[in-house]
Amino acid sequence: MTKFSLVEFSIRRPKWVLLLAGLLTLLFLTQFPKIRTDTNPKNMLPQTSDVRVWNDEVDKTFALYEDTIVVGVENDAGVLNRETLGRIARIIDGILGLEGVASRDVNGFTTITNVTAEAGTLKVGPLMPAAPKTDAEVEALRTALFSNTLFVDRVISKDGKTTAIYVPLEKGANGAEIAGKIREIVAKETGPERYYIAGDPVARDTFGAEMFKLMAMFSPIAGMIMFAAIQYMFRNLVLSAAMMGVSMVAIIWSMGLLIGAGFPVHIMSSMAPVFLMAIATDSIHIFNEFYFRYKERGDKLAAIRETMAAVSRPVRFTALATAAGFAVLLFMNIIPVQVFGGLIAFGTVVLRLLSFSFIPAVLTFVREDRIARAAGSESVEGDRAARALGRLGALGAARPGATVAVVVVLVAASVWGASRIHVNNNLVAWFAASSDIRVADTAMNAALGGTSLGYMVVQSKEPEFMKRPEAQRWIEGLQRDLEALPVVGKTFSVADYVKRINRVLHDDDPKYDAVPDTKDTVGQYLFLFSMSAKPSDLDNVVDSSFGKANIWVQMKTWDADAMRQVRAAAERYQQAHPLPVTVKPAGIAYFNLVWNDEVLGDLVRGFSLALVVVFAILALDFRSVKWALVAYLPLLCTILFIYGVVGFVGKDFDMPLSVLSTLSLGMAVDFAIHFVSRLRQRLAETGDADLPGALAWTAARPGKGIMRNAILFAAAFSVMMFAPLTPYVVVGAFIVSMMLLSALLTMLLIPALVMLGRRWLFVVPRPAAAAAAAPTQGD
């Protein structure tokens, strides 16, 4: 019985193949109207994750809001003048009317609570009920602001030039949309003031929305660049269209499956089209070999069959290696990471299926006269690029010791550089330095306590423990320790209210700016305050049982490491000052820390597992651990060189770089598989007599496909270097350098390794014994 061959079927029934591919593509396209998007990076962690459950509990306990926008107003001449204060009052009024804003808890000059005393009676009310009409009222406001430590660095800068309006958002509100409406409000005001809009929800929602827009823009641009590059390389519109058709079919099938399965398109899965388009470039090896074969044979169908036979094994195993490298992400803990890994793995399998069906079918329709013209210069001897690559491979083969020595020195330097890598995520830093978000965040952090907000929750098992003076002083001491950190700009707690009340009830005498000595006095102060203030004023810093207190920590950076420093400082303080309480971080800054550790940790674990899986696939492909090691070393060197540079330039290891790790692994191993597979084919055809010649031939002929693949891949991603989001710039720059470096290392280092290890790699059989022993004298 004849064995079924997909390639042979595609050559004999090309129209059926194209029709079936078209029908399946239409089927997957029917799922696209059901698309749902999720632009919130928070959803990288499930709602049942410990940090989200804990933050929800803290928000509920202390009547907090998940998201807060910070609006800054800056005037070089100072904000404490009648004109600027009038504008601030109008802006706050406009913000209070916005849908999605928790208007009852907006804090600015006209809404924030001020604690004073009059005739021995506690007085609590808005700091600035209305915009001042006279200079005397302005001066009274100035005195009220700078005499109250609750306000300085929170709503007024020390130099009086900047003020902040804190705008909490209702659950589910879109920070980017509300920020846009706030910009419309401030745009109506004229004057010398500068306005800034900052905060995590602005950066997060803007980043999510911009990322989707950029993916929608860059995917077709990358496709057009790829098409132009393929057309330049092969000078045949049908072949160029075939390559793009393969990538588009794989993208539609993959995204259709994702949407049909009910998954939302998240930030990570939105990157799938560009990744799959890049992985599709591996099919260029088929076109590269086809041109060489046609030039030699002059028979189209024979050239197709011989091409597919020659590249079949390396193409299959590169697909397996890439798919397996991404499939390991299915075993991670983060659902969007799992979805992304499964999506790319499925798309890779589709791409390879199409490589053995769609591409051979399309090749049958290409007119032979056009192939003959395009393939005219395709020969190892006649093509300048092939000759140059052949010389590169010959160099590695001729000077293997020197080549390996140079690589070893570079690896040692890269290991040292990689040891300096700092693992960190900073969502705001993902925007360009000139972007409104970065400019606003920088200005607000320089002038005030900071836009990054975290909490330190102090808990006791004893009810009303927080009314005890020693508890209040312990909290105050912890605040001073935290404020000593460079990353912390301001802290705020129930102790600040107690001290303020104590002072104003003693004729504003500074010596009473301290925690009173008895629990009853503290309790009485807090009771009086709760009767007059907004409910949230006290609720935000202490729970109803007074067994838990909440310290607000404003930080001057969104680095995930900042909250790590705060947590470590709190632990040191607790060890140095024992008290029967626990301290646990919470809030958006703490979420970012956990997000950083868990998401990056998942991706790093996935990358490490992929390294093991890829080596196993290499060994399976070559049926030799020795050859697997030869192919594996250029891959490891490429990755080490990349991360050595990351360490040297001081770039943080963040999510974009962790995703790049998996991509670099998949693509770099493809080059090695093609090189080693074709080298061994060449040696099987010609024998082992001329190993340097076989290495030079492999670098020249299959190597041209490798270099074409690398250039095509790099050209498509180079457009990302012009993006306004730094992750795209990083991805673009690193993929360009990674592809070119990986291709060059493959063609230079593998020949050197093969020559150095030739006696180890090629086991030479011992000469056969003579048919009969030499006759002896006694015979």
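Residues numbered from 1 in each chain as written. Predicted model: local features only at pLDDT ≥ 70, side-chain atom pairs only at ≥ 80, totals over all residues. Heavy atoms only, no water.

Caption draft 1: Highlighting the overall build of the protein. When you go through the protein residue by residue, the secondary structure sums to 29 helices and 9 strands. Taken along the three principal axes of its C-alpha coordinates, the protein extends 130 × 70 × 50 Å. Here the protein holds 779 residues, and 59% of them are scored as buried. Residue pairs in contact within the protein that sit at least 24 positions apart in sequence constitute 79% of those at least 6 positions apart. For the protein, the accessible surface area stands at approximately 31,900 Å², while carbon and sulfur atoms represent 61% of it. When the 75 basic and 70 acidic side-chain charges of the protein are each reduced to a single mean position, those positions are 11 Å apart. (Helix = DSSP H or I, 4+ residues; strand = E, 2+ residues; numbered from the N terminus. Buried < 20%, exposed > 50% of the residue type's maximum accessible area, 1.4 Å probe, protein only. Contact = heavy atoms within 4.5 Å. Areas by Shrake-Rupley, 256 points an atom, 1.4 Å probe, with all protein chains shown as cover. Lys, Arg positive; Asp, Glu negative; His and termini not counted. Charge placed at Lys NZ, Arg CZ, Asp CG, Glu CD.)

Caption draft 2: Quick look at the environment of R680. With respect to the secondary-structure elements, R680 resides in helix α25 (residues 655–686). Look at R680 and you get partly exposed, because its relative accessible area is 31%. A C-alpha to C-alpha distance of 9.1 Å links R680 and F622, two positions 58 residues apart in sequence. Non-local contacts of R680, meaning those with residues more than four positions away in its chain, are made with F622 and W627.

Caption draft 3: Layout of helix α7 (residues 200–234). With 35 residues, α7 ought to run about 51 Å at 1.5 Å a step, and its terminal C-alpha atoms sit 48 Å apart, in line with that. Positive backbone phi, at 50°, marks R235, one or two positions downstream of α7. (Expected span 1.5 Å × (residues − 1).)

Caption draft 4: Region of the structure containing the packing of aromatic side chains. Summed over all chains, the structure comprises 16 aromatic pairs. Arranged with centres 5.4 Å apart and planes meeting at 75°, the rings of Y455 and W552 form a pair that is edge-to-face. Placement of Y455 in strand β6 (residues 452–459) and of W552 in strand β8 (residues 548–555) is noted, with a sequence separation of 97 residues between them. Summarising the burial analysis for this pair, Y455 and W552 share the class buried. Put simply, the rings of Y455, F492, Y497, F529 and W552 pair up and form one aromatic cluster. Over the face of the ring belonging to W54 we find K584, whose NZ or CZ atom lies 4.2 Å from the ring centre. (Phe/Tyr/Trp six-rings, centres within 6.5 Å; stacked < 30°, edge-to-face > 60°. Lys NZ or Arg CZ within 6 Å of the ring centre and 35° of its normal.)

Caption draft 5: Quick peek at the sheet that holds strand β4 (residues 162–169). Strand order in the open sheet formed by 3 strands is β4-β1-β5, with antiparallel pairing between adjacent strands. A single partner strand is all that each edge strand has here, and the edge strands are β4 and β5 (194–198). The mean angle between the axes of side-by-side strands here comes to 20°, regardless of whether they run parallel or antiparallel. Here 8 bridges tie strand β1 (residues 67–74) to β4, and the two strands are oriented antiparallel to one another. Residue pairing for β4: G72 is matched across the bridge by A164. (Pairing = 2+ DSSP bridges. Axes fitted to C-alpha atoms, helices over the stretch in contact; angles between N-to-C directions.)

Caption draft 6: Spotlight on the side chain of Q479. Mapped onto the elements, Q479 comes out in helix α18 (residues 469–483). By relative accessible area, which is 0% here, Q479 ends up buried. Residues within four places of Q479 in sequence aside, it is in contact with T491, F492, S493, A495, D496 and I551.

Caption draft 7: Structural view of the packing of helix α3 (residues 50–61) against helix α23 (residues 588–622). α23 packs onto α3 with a crossing angle of 175° between their chain directions and a minimal axis gap of 10 Å. The angle between α3 and α23 places the two elements in the roughly antiparallel class. Between α3 and α23, the residues in contact are V51, R52, W54 and N55 and Y590, F591 and V594, respectively. Here the residues of the contact of α3 with α23 sort into 5 nonpolar, 1 polar and 1 charged. (Parallel < 35°, antiparallel > 145°, perpendicular 65-115°, else oblique. Nonpolar A, V, L, I, M, F, W, Y, C, P; charged D, E, K, R; others polar.)

Caption draft 8: Representation of unusual backbone geometry within the structure. The backbone of A63 sits at a positive phi, close to 55°, despite the residue not being glycine. Relative to the assigned elements, A63 resides in the loop between α3 and β1. One non-glycine residue with positive phi stands out, namely E464, at about 60°. Within the secondary structure, E464 sits in the loop between β6 and α18.

Caption draft 9: Region of the structure containing the confidence of the model for the protein. In this model, the protein carries an average pLDDT of 87, and 94% of its residues clear a pLDDT of 70 or more. Under a pLDDT of 50 for its full length, residues 765–779 has, in the predicted model, 0 contacts with residues more than four places off or in other chains. (pLDDT = per-residue confidence, 0-100.)

Caption draft 10: Summary view of a nonpolar patch on the surface. Nonpolar side chains collect at one region of the surface, where F4, F9, W16, L19, L23, L26 and L29 lie side by side and expose about 760 Å² of accessible area between them. The element that contributes the greatest number of residues to the nonpolar patch is helix α2 (residues 14–29), accounting for 5 residues. (Patch = residues over 30% accessible without salt bridge, like charges linked within 9 Å, V, L, I, M, F, W, Y side chains within 5 Å. Salt bridge = Lys/Arg side-chain N within 4 Å of Asp/Glu carboxyl O.)

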